[in-house]
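Coordinate analysis (summary)
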Amino acid sequence: MKRLWTPAWIFRHVAMVVLVVGFCALGWWQISRAAAGNTLSWAYAVEWPIFAAFVVFVWWREIRHTLRGDGEPTADDPADAGAPSDQPAAVAATATLPTAPGAGPTAAAGTSSTASTTPVVRRPVRVARATVPAGDGEDADLTEYNRYLTWLNANPGARPGDYPG
């Protein structure tokens with residue numbers, strides 16, 4: 001529970017309370033306007049409490065996420081066990097990642113580890129672009145799209161943003 005009383009979390013708690021109270025007050029204000037004859041205010045009278053409920057939902061989800069400790073490195077994490085302590089954190093974190101499937105210190109030793117579950121940082125794929133004119137009355141956009149699909153199929157690890165065209 002001490003994790004929920006850090007300065008950042010105190011700010012989140014206060015922000016949640018201020019937002020929920022403010023949204024409920026705005027909802028009450030819209031109800032009073034709707035009762036006075038403004039029919040559009042009925043929709044806003046429903047919207048503001050929904051916004052307040054969403055703030056509570058996000059706040060509760062973040063609390064559960066923090067209490068479970070997802071994404072936080074631990075001292076007994078096997079991915080950090082092989083990194084020397086005198087290296088910077090960024091260098092130590094990338095030192096245990098293999099550069100390609102089947103490569104790296106764990107693959108050479110023949111042992112299984114959790115390094116295969118960690119994401120591998122890859123360089124963007126760069127290929128030379130060959131311009132092929134559309135032939136036999138084909139649409140140029142269709143030809144370019146088919147070339148793009150062929151490139152994606154040939155480069156399965158690439159993202160669409162890596163496409164050189």
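What you see as residue numbers is a count from 1 along each chain, following the sequence as written. At least 70 in pLDDT is required for a residue's local features to be given in this predicted model, at least 80 for side-chain atom pairs to be given and counted, and no such filter applies to totals for whole chains, interfaces and linings, which use all residues. No hydrogens and no water enter the side-chain calculation; it runs on all heavy atoms of the structure.

The set of buried Ala, Val, Leu, Ile, Met, Phe, Trp, Tyr and Cys residues whose side-chain atoms join them within 4.5 Å is what this entry labels a nonpolar core. Any residue under 20% of the maximum accessible area for its type is buried, any over 50% is exposed, and the rest in between are partly exposed; the area is computed with a 1.4 Å probe on protein chains only. Met16, Val20, Phe23, Ala52 and Val55 form the largest nonpolar core, which has five residues in total. Runs of E in the DSSP output that reach at least two residues are strands. Runs of H or I that reach at least four are helices, and both are numbered from the N terminus. Among the elements that line this core, the one with the most residues is helix α1 (residues 7-35), at three residues. Whether two residues are in contact is decided by their heavy atoms, any of which lying within 4.5 Å being enough. Apart from residues no more than four positions distant in its own chain, Ala52 is found in contact with Val20, Phe23 and Cys24.

The subject of this paragraph is the side chain of His13. By the element assignment, His13 lies in helix α1. If near-sequence neighbours (up to four positions away) are discounted, His13 is found in contact with Leu4, Trp5, Trp59 and Ile63.

In this section: helix α6 (residues 140-154). Here α6 contains 15 residues, and its C-alpha end-to-end distance of 21 Å stays within 8% of the 21 Å for a straight helix at 1.5 Å per residue. Taken as a whole, α6 has its buried residues at Thr143, Tyr148 and Trp151. The arc that holds every buried residue of α6, seen down its axis, measures 140 degrees, which confines them to one face. What points out from α6, more than 90 degrees from its buried face, is the exposed set Thr150 and Asn153. Here the expected span of a helix is defined as 1.5 Å times the quantity of residues minus one. Arc definition: it is the arc formed by the directions from the helix axis to the C-beta atoms.

Here, a salt bridge means any side-chain nitrogen of Lys or Arg that lies within 4 Å of a carboxyl oxygen of Asp or Glu. In this structure the tally under the stated criterion is one salt bridge. Put simply, Glu144 and Arg147 hold a salt bridge, and the shortest N to O gap is 2.4 Å. Taken together, the residues Glu144 and Arg147, both in helix α6 and three residues apart, mark about one turn of the helix.

With that settled, the discussion passes to the packing of aromatic side chains. Two rings belonging to Phe, Tyr or Trp (six-membered ring only in the last case) form a pair when the distance between their centres is within 6.5 Å. Interplanar angles under 30 degrees mark stacking, angles over 60 mark edge-to-face geometry, and anything in between is tilted. Taken as a whole and judged by the stated rule, the model has six aromatic pairs. Taking the centre distance of 5.4 Å and the plane angle of 85 degrees together, the rings of Trp48 and Phe51 count as edge-to-face. Residue Trp48 and its partner Phe51 are both found in helix α2 (residues 41-68); the two are separated by three residues, about one turn of the helix. Ring geometry for Trp59 versus Trp60: centroids 6.5 Å apart, planes at 50 degrees, classification tilted. Using a relative accessible area of 49% as the deciding quantity, one classes Trp60 as partly exposed. Within the aromatic cluster, the residues linked to one another by ring pairs are Phe23, Trp48 and Phe51.

Here Ile50 shows up in helix α2. Judged by its relative accessible area of 52%, Ile50 is exposed. For the pair Ile50 and Cys24, spaced 26 residues apart in the sequence, the C-alpha separation amounts to 9.2 Å.

Our next topic: the environment of Ala15. Mapped onto the elements of the fold, Ala15 is located in helix α1. Placed 44 residues apart in sequence, Ala15 and Trp59 show a C-alpha to C-alpha distance of 9.7 Å.

Turning our eyes to something else, we now look at the side chain of Ser41. Here Ser41 shows up in helix α2. Given the relative accessible area of 1%, Ser41 is considered buried. Excluding residues that lie within four positions of it along the chain, Ser41 makes contacts with Gln30, Arg33 and Ala34.

Turning to the environment of Trp5, a few remarks are in order. Mapped onto the elements, Trp5 comes out in the segment before α1. When near neighbours in sequence (up to four residues on either side) are disregarded, Trp5 contacts Ile10 and His13.

For the protein chain, per-residue confidence averages 75 on the pLDDT scale, and residues scoring 70 or more make up 58% of the total. Within a predicted model, pLDDT stands for the predictor's per-residue confidence, ranging from 0 to 100. The model gives residues 102-110 a pLDDT under 50, and that stretch makes six contacts with residues more than four places away or in other chains.

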